[in-house]
Amino acid sequence: LQGRGWEVLPSTGNFVLGRPPTSALDVAAWLQGGGLIVRSYPGHPRLNDWLRIAVRSPEEDNRLLTRLDAM
């Protein structure tokens with residue numbers, strides 16, 4: 001994600017919190033349109049621009065990155 005212009009916070013869990021270079025709400029809608037589930041926080045004062053993305057299998061992660069690259 002960082003190589004695609006995202007800001008990503010350090011994580012030790014099974015998810016990452018990332019801020020995309022464009023509207024988080026638009027990115028979430030695009031990913032969800034491709035069958036990927038991410039959590040957005042519209043209206044939240046501190047997380048409005050961020051997305052929570054679960055870390056899954058390498059195949060699922062590649063599917064996420066492929067969908068982002070097609071945006």
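Okay, so let's go over this structure. (Residues numbered from 1 in each chain as written. Predicted model: local features only at pLDDT ≥ 70, side-chain atom pairs only at ≥ 80, totals over all residues. Heavy atoms only, no water.)

If you tally the helices and strands in the protein, you get two helices and four strands. Counting from the amino terminus, the protein carries its helices and strands in the arrangement β-β-α-β-β-α. What you see for the protein is a C-alpha radius of gyration of 11 Å, in line with the 11 Å of a compact globule of 71 residues. A separation of at least 24 residues holds for 58% of the contacts in the protein among residues at least 6 apart in sequence. Only carbon and sulfur atoms are counted for the fraction: they give 52% of the accessible area of the protein, which is about 4700 Å². (Helix = DSSP H or I, 4+ residues; strand = E, 2+ residues; numbered from the N terminus. Rg over C-alpha atoms; globule rule 2.2 N^0.38 Å. Contact = heavy atoms within 4.5 Å. Areas by Shrake-Rupley, 256 points an atom, 1.4 Å probe, with all protein chains shown as cover.)

This brings us to the packing of aromatic side chains. Applying the stated criterion across every chain, the model contains zero aromatic pairs. Above the ring of W30, the side-chain terminus of R67 is found at 3.6 Å from the ring centroid. (Phe/Tyr/Trp six-rings, centres within 6.5 Å; stacked < 30°, edge-to-face > 60°. Lys NZ or Arg CZ within 6 Å of the ring centre and 35° of its normal.)

This model, assessed by the stated rule, comprises three salt bridges. For R4, the salt bridge identified is with D69, shortest N-O distance 2.8 Å. Residue R4 is found in the segment before β1 (7–8), and its partner D69 is found in helix α2 (residues 58–69); the two are separated by 65 residues along the sequence. For the salt bridge of E7 with R19, the shortest nitrogen-to-oxygen distance reads 2.6 Å. Taken together, the residues span a long stretch of sequence, with E7 in strand β1 and R19 in strand β2 (residues 15–19) at a distance of twelve residues. (Salt bridge = Lys/Arg side-chain N within 4 Å of Asp/Glu carboxyl O.)

Take the packing of helix α1 (residues 24–33) against α2 next. Running from N to C, α1 and α2 point in directions that differ by 120 degrees, and their axes come no closer than 10 Å. The pairing of α1 with α2 is recorded here as oblique in orientation. The crossing of α1 and α2 is right-handed. Residues V27, W30, L31 and G33 of α1 touch α2, and the partners they reach there are L64, R67 and L68. Considered class by class, the residues forming the contact of α1 with α2 number five nonpolar, one polar and one charged. (Axes fitted to C-alpha atoms, helices over the stretch in contact; angles between N-to-C directions. Parallel < 35°, antiparallel > 145°, perpendicular 65-115°, else oblique. Left-handed = near helix turned anticlockwise from the far one by under 90°. Nonpolar A, V, L, I, M, F, W, Y, C, P; charged D, E, K, R; others polar.)

Attention shifts here to the pairing of strand β4 (residues 51–54). Of the two faces of β4, the one lined by L51 and I53 is fully buried and the one lined by R52 and A54 carries no buried residue. Relative to β4, β2 runs antiparallel, the two sharing four bridges. Following the sheet pairing, G18 is matched in β4 by L51. (Buried < 20%, exposed > 50% of the residue type's maximum accessible area, 1.4 Å probe, protein only. Pairing = 2+ DSSP bridges.)

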